[in-house]
Amino acid sequence: MKSSEGKTPGESAVETRYLVMPTQANPQGTAFGGAIVGWIDMTAAMAAQRHCGREVVTAGIDSLIFRQPIRIGDHVILKAAVNYVSRSSMEVGVQVIREDPYSGRQALATTAHLTIVALDENKRPVAVSPVSPQTPEEKRRHENARLRVRARKERLKAIDQENQPWRE
Ligand SMILES: CC(C)(COP(=O)(O)OP(=O)(O)OC[C@H]1O[C@@H](n2cnc3c(N)ncnc32)[C@H](O)[C@@H]1OP(=O)(O)O)[C@@H](O)C(=O)NCCC(=O)NCCS
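We now turn to the structure provided with this report. No experiment lies behind these values; they were computed from the predicted model shown.

**A look at the overall build of the chain**
Item 1. Within the chain, the regular secondary structure consists of 3 helices and 5 strands.
Item 2. When the elements of the chain are put in sequence order from the N terminus, they spell out α-β-α-β-β-β-β-α.
Item 3. Relative to its length of 168 residues, the chain is compact, with a C-alpha radius of gyration of 17 Å against a globular reference of 15 Å.
Item 4. Along the three orthogonal principal directions, the C-alpha set of the chain runs to about 45 × 45 × 30 Å.
Item 5. Once local pairs closer than 6 in sequence are excluded, the contacts in the chain between residues at least 24 apart make up 72%.

**So, the pattern of salt bridges**
Item 1. Evaluated as defined, the whole model comprises 12 salt bridges.
Item 2. Between Glu-99 and Arg-17 there is a salt bridge, with the nearest N and O atoms lying 3.0 Å from each other. Taken together, the residues Glu-99 in strand S4 (residues 89-99) and Arg-17 in strand S1 (residues 14-19) connect sequence positions 82 residues apart.
Item 3. With relative accessibility at 43%, the residue Arg-17 sits in the partly exposed group.
Item 4. Glu-143 is the partner of Arg-146 in a salt bridge, and the nearest nitrogen-oxygen pair spans 2.8 Å. Placement of the pair is Arg-146 and Glu-143 together in helix H3 (residues 136-162), with a separation of 3 residues, close to one helical turn.
Item 5. Among the ionic contacts, a cluster of salt bridges with common partners joins Asp-62, Glu-91, Arg-148, Arg-152 and Arg-155.

**Quick look at the environment of Ser-103**
Item 1. The residue Ser-103 is located in the loop between S4 and strand S5 (106-119) in this model.
Item 2. Ser-103 sits in the partly exposed class, given a relative accessible area of 47%.
Item 3. As a C-alpha pair, Ser-103 and Thr-30 span 73 residues in sequence and 18 Å in three-dimensional space.
Item 4. A polar side-chain atom of Ser-103 sits 3.1 Å from the main-chain amide nitrogen of Arg-105.

**Let's talk about the packing of aromatic side chains**
Item 1. Inspection of the entire model under this criterion finds 1 aromatic pair.
Item 2. Aromatic side chains Tyr-18 and Trp-39 sit 5.3 Å apart centroid to centroid with 15° between the ring planes, which places their arrangement in the stacked category. With Tyr-18 in strand S1 and Trp-39 in helix H2 (residues 33-52), this pair connects stretches of sequence that are 21 residues apart.
Item 3. A relative accessible area of 25% means that Tyr-18 is categorised as partly exposed.

**Re unusual backbone geometry**
Item 1. Although it is not a glycine, Ser-63 adopts a positive phi angle of roughly 40°.
Item 2. Tracing the backbone shows Ser-63 in strand S2 (residues 55-66).
Item 3. Given a relative accessible area of 37%, Ser-63 falls into the partly exposed group.
Item 4. Within the chain, Lys-123 stands out as a residue other than glycine whose phi angle is a positive 65°.
Item 5. Looking at where Lys-123 falls in the secondary structure, it is placed in the loop between S5 and H3.

Rules and cut-offs
- Residues numbered from 1 in each chain as written.
- Predicted model: local features only at pLDDT ≥ 70, side-chain atom pairs only at ≥ 80, totals over all residues.
- Heavy atoms only, no water.
- Helix = DSSP H or I, 4+ residues; strand = E, 2+ residues; numbered from the N terminus.
- Rg over C-alpha atoms; globule rule 2.2 N^0.38 Å.
- Contact = heavy atoms within 4.5 Å.
- Salt bridge = Lys/Arg side-chain N within 4 Å of Asp/Glu carboxyl O.
- Buried < 20%, exposed > 50% of the residue type's maximum accessible area, 1.4 Å probe, protein only.
- Polar contact = N/O pair within 3.5 Å; in protein donor to acceptor, adjacent residues only side chain to side chain.
- Phe/Tyr/Trp six-rings, centres within 6.5 Å; stacked < 30°, edge-to-face > 60°.

Structure follows, in structure tokens:
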């Protein structure tokens, strides 16, 4: 830990790799969006768990962009890092990179921001330590995430009002 404020994004970051199998593809022979989202969700949750040391759940996924298709047989590399901590929620950024296993050529295929919430022993949201960005890149991501978190909370209020009849 680099400071008394909390872990750095690098200390909880997760990088993992899969090989895209035919069962994970759509009829066009490229990775099914739902499979990609599943990998993203799992990688983000692991980064959040490593940051807060608690059970976590995914509250939302934003700015999910499928930039390039990923083919059967490609390697997918997932990189997840905690960008920002609000109170109980962490914004985790995930990059999905596709790699041709023969040439080694890489391209950014999918990106997303996830809100992952830490839970206490009673499965209720619980405050977590802030994240402590160190590098200029981490600081830039932290500041951008801070602005997104503010906008997201405003948007959620409006969505909640529309869904009022469903609230318990
Ligand atoms: C996520 C969940 C625990 C939030 O519970 P809640 O009673 O609404 O709690 P709160 O209103 O106190 O919100 C807790 C935090 O989550 C954030 N949050 C809640 N819903 C959110 C959403 N849809 N998107 C982004 N953030 C959200 C709040 O802003 C708050 O953040 P903060 O503490 O950092 O300020 C609850 O909605 C839940 O269990 N959802 C289902 C999760 C799930 O099944 N995920 C799929 C499998 S992992």
